[in-house]
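Coordinate inspection notes
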Amino acid sequence: MIRRMIPLAFSFFLVFSACTEEEEIIPTPNDPTRTSLNTIMTLGASRVEGARPEFESYRYELWKLLLDGGWEFDYIGTQKDPANYPTHASKSFDTDHEGRGGWTSGQILSGIEDWLNEAGAPDIVLFSSPGGNDALEGLSYEEALANVNAIIDAIQVANPNVTIIIEQLAPARSDLMTAELTTFFNRMQEDVVTLASQQSTANSQVLTVDMATGFKDSFLADDVHYNEAGARFIANQYYDVMQSVWEAGTN
């Protein structure tokens with residue numbers, strides 16, 4: 001009998017019963033006996049969706065890192081990426097995602113419950129560029145932050161044991177960063193850290209990942225979207241957080 005993954009505080013590891021009810025196996029990421037999956041929802045707007053070859057999503061680069069790290073996982077979502085990607089480790093790219101180009105935090109909030117019902121409640125959510133399109137459209141900062149909080153609430157209702165990794169978002173190209181955009185950006189960078197602490201529970205971690213430090217204009221294909229180098233940078237940042245939390249939970 002396989003038990004569903006339960007992400008406890010500081011762990012992503014899977015616990016399942018095999019052969020007998022008495023014996024429990026706690027596998028590591030590279031344990032070949034592990035048969036359960038981490039379901040991962042990549043959530044956000046165009047930086048999640050991608051539009052190859054014009055610009056890249058980080059999903060493919062992260063997928064390769066997870067395969068190379070020996071993870072058993074499954075990207076889930078109601079959207080599928082139609083672009084072509086090379087195989088890796090003799091596997092075809094998992095194209096499921098939950099990114100929609102141009103969508104604001106309010107639009108994501110309006111759809112999240114239906115997406116979770118359709119795709120299934122994920123074990124891990126990677127929440128990209130929170131409020132990014134709100135900033136570009138000059139929408140209310142306070143409303144964007146409230147929407148981000150409500151999105152996390154909805155995800156935790158769907159799975160009270162979910163682990164959510166939310167970005168301190170990478171900036172737009174430096175010449176696009178007006179005073180207004182910079183103010184929005186800086187406030188969100190600080191507030192998602194507070195939000196993550198407040199939204200974390202005994203069973204559901206909300207973590208932040210810093211995508212801004214070290215991010216360069218040369219990582220962008222246009223004003224705001226990643227090129228291949230940018231996608232690789234973002235994927236590495238996510239992977240480092242995911243791997244460190246996993247390792248903390250297995251020590």
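All figures in this text were calculated on a predicted structure; none of them were measured in a lab. Starting from 1, residues in each chain are numbered consecutively following that chain's sequence as written. A pLDDT threshold of at least 70 governs which residues receive local features in this predicted model, and a stricter bar of 80 or more applies before side-chain atom pairs are shown or counted, although totals over entire chains, interfaces and linings include all residues. The basis for every side-chain value is the complete set of non-hydrogen atoms in the structure, without hydrogens or water.

**Focus: the overall build of the protein chain**
Helix and strand counts for the protein chain stand at seven helices and nine strands. Going through the 251 residues of the protein chain one by one, you find that 53% of them count as buried. Working definition of accessibility: Shrake-Rupley area with a 1.4 Å probe, residue cover restricted to the visible protein chains. Accessible area for the protein chain stands at about 11,100 Å²; split by element, carbon and sulfur atoms hold 51% of it. Per the convention used, a helix needs a DSSP run of H or I reaching at least four residues, while a strand needs a run of E reaching at least two, with both numbered from the N terminus. When a residue's accessible area, from a 1.4 Å probe over protein chains only, is under 20% of the maximum for its type it is buried; when over 50% it is exposed; and in between it is partly exposed.

**Things to note about the packing of helix α5 (residues 141-158) against helix α6 (residues 179-199)**
The interhelical angle for the contact between α5 and α6, taken along N-to-C directions, is 30°, at an axis separation of 11 Å. Compared by their axis directions, α5 and α6 come out roughly parallel. Relative to α6, the crossing made by α5 is right-handed. Together, Tyr141, Glu142, Ala144, Leu145, Val148, Asn149, Ile152, Asp153 and Gln156 of α5 and Phe184, Arg187, Met188, Asp191, Leu195 and Gln199 of α6 make up the contact between the two elements. Partitioning the contact of α5 with α6 into residue classes produces eight nonpolar, three polar and four charged. What counts as an axis is a line fitted to C-alpha atoms, over the stretch in contact for a helix, and the angles between N-to-C directions run from 0 to 180 degrees. An angle below 35 degrees is read as roughly parallel, one above 145 as roughly antiparallel, one from 65 to 115 as roughly perpendicular, and any other as oblique. Two helices cross in a left-handed way if the nearer one is turned anticlockwise from the farther one by less than a right angle. They cross in a right-handed way if the turn is clockwise. In what follows, a contact means two residues having at least one pair of non-hydrogen atoms within 4.5 Å. Nonpolar residues are Ala, Val, Leu, Ile, Met, Phe, Trp, Tyr, Cys and Pro. Charged residues are Asp, Glu, Lys and Arg, and all others, Gly as well, are polar.

**What to know about helix α3 (residues 105-119)**
Taking 1.5 Å per residue, 15 residues should reach 21 Å; α3 reaches 19 Å between its end C-alpha atoms and fits that length. Fitting one axis to the seven residues ending at a residue and another to the seven starting there, the bend at that residue is the angle between the two axes. The largest bend along α3 measures about 45° and falls at Gly111. Within the span of α3, buried status applies to Ser105, Ile108, Gly111, Ile112, Trp115 and Leu116. Contacts from the buried residues of α3 go to β3 (38-44), β6 (96-99), α4 (132-136) and α5. Here the expected length of a helix is defined as 1.5 Å per residue gap, with one fewer gap than residues.

**Some words on the nonpolar core**
Membership of the largest hydrophobic core comes to 35 residues, with the highest contact counts inside it found for Leu62, Leu66, Leu126, Ile234, Tyr238 and Met242. Within the residue set of this core, elements represented by two or more residues are α2 (59-68), β4 (73-76), β7 (124-127), β9 (206-210) and α7 (228-250). In terms of residue count, α7 provides more of this core than any other element does, 10 residues in total. Apart from the residues within four sequence positions on either side, Tyr238 is in contact with Tyr58, Leu62, Leu126, Phe127, Ser128, Ile165, Glu167, Val209 and Met211. Here the nonpolar core consists of buried residues drawn from Ala, Val, Leu, Ile, Met, Phe, Trp, Tyr and Cys, with membership extended through side-chain atoms lying within 4.5 Å. Membership of the second largest hydrophobic core comes to 30 residues, among which are Ile108, Leu116, Val125 and Ile151.

**What about the layout of surface pockets?**
Gaps left between atoms are located by rolling a probe of water-molecule size over the structure's atoms. Points on a 1 Å grid, built from protein atoms alone, make a cavity when a 1.4 Å probe fits but cannot get out and make a pocket when they are open with protein on both sides within 12 Å along at least 5 of 7 lines; residues with an atom within 4 Å of a point are the lining residues. Grid points are joined across faces, edges and corners, and a volume is the space filled by probe spheres set on the points. Approximately 350 Å³ is the volume attributed to the largest pocket. Lining of the largest pocket is provided by 29 residues; of these, Ser129, Gly132, Asn133, Leu136 and Leu169 occupy positions nearest its centre. At the level of elements, α1 (46-49), α3, α4 and α6 are the ones that each hand at least two residues to the lining of the largest pocket. Ranked by residues supplied to the lining of the largest pocket, first place goes to α4 with five residues. Partitioning the lining of the largest pocket into residue classes produces 17 nonpolar, 10 polar and two charged.

**Some details on unusual backbone geometry**
Cis peptide bonds are those with omega within 30 degrees of zero, and the linkage from Arg52 to Pro53 qualifies with 10°. A positive phi is found at Ser129, a non-glycine position, where the angle reads about 40°. Mapped onto the fold, Ser129 is located in the loop between β7 and α4. Owing to a relative accessible area of 14%, Ser129 belongs among the buried residues under this scheme.

**Description of the side chain of Thr104**
Tracing the sequence through the fold places Thr104 in the loop between β6 and α3. Those residues within four positions of Thr104 in sequence are excluded, and the remaining contacts are Asn133, Asp134, Glu137 and Leu139.

**A few points about the packing of aromatic side chains**
Note on ring pairs: Phe, Tyr and Trp rings are taken, using the six-membered ring of Trp, and paired if centres are within 6.5 Å. Classes follow the plane angle, with under 30 degrees stacked, over 60 edge-to-face and the rest tilted. Evaluated as defined, the whole model comprises 14 aromatic pairs. Aromatic side chains Tyr58 and Tyr238 sit 4.9 Å apart centroid to centroid with 40° between the ring planes, which places their arrangement in the tilted category. Within this pair, whereas Tyr58 is found in the loop between α1 and α2, its partner Tyr238 is found in helix α7, the two being separated by 180 residues in sequence. The exposure class assigned to Tyr58 is buried, which follows from its relative accessible area of 0%. Pairwise contacts between aromatic rings join Tyr60, Trp63, Phe73, Tyr75, Tyr85 and Phe93 into one cluster. Our definition puts a charge over a ring when NZ of Lys or CZ of Arg is within 6 Å of the ring centre and also within 35 degrees of the ring normal. The positively charged end of Arg52 is found above the aromatic ring belonging to Tyr60, 5.5 Å away from the centroid. The ring of Trp103 has Arg100 lying over it, and the distance from NZ or CZ to the ring centre is 5.3 Å.

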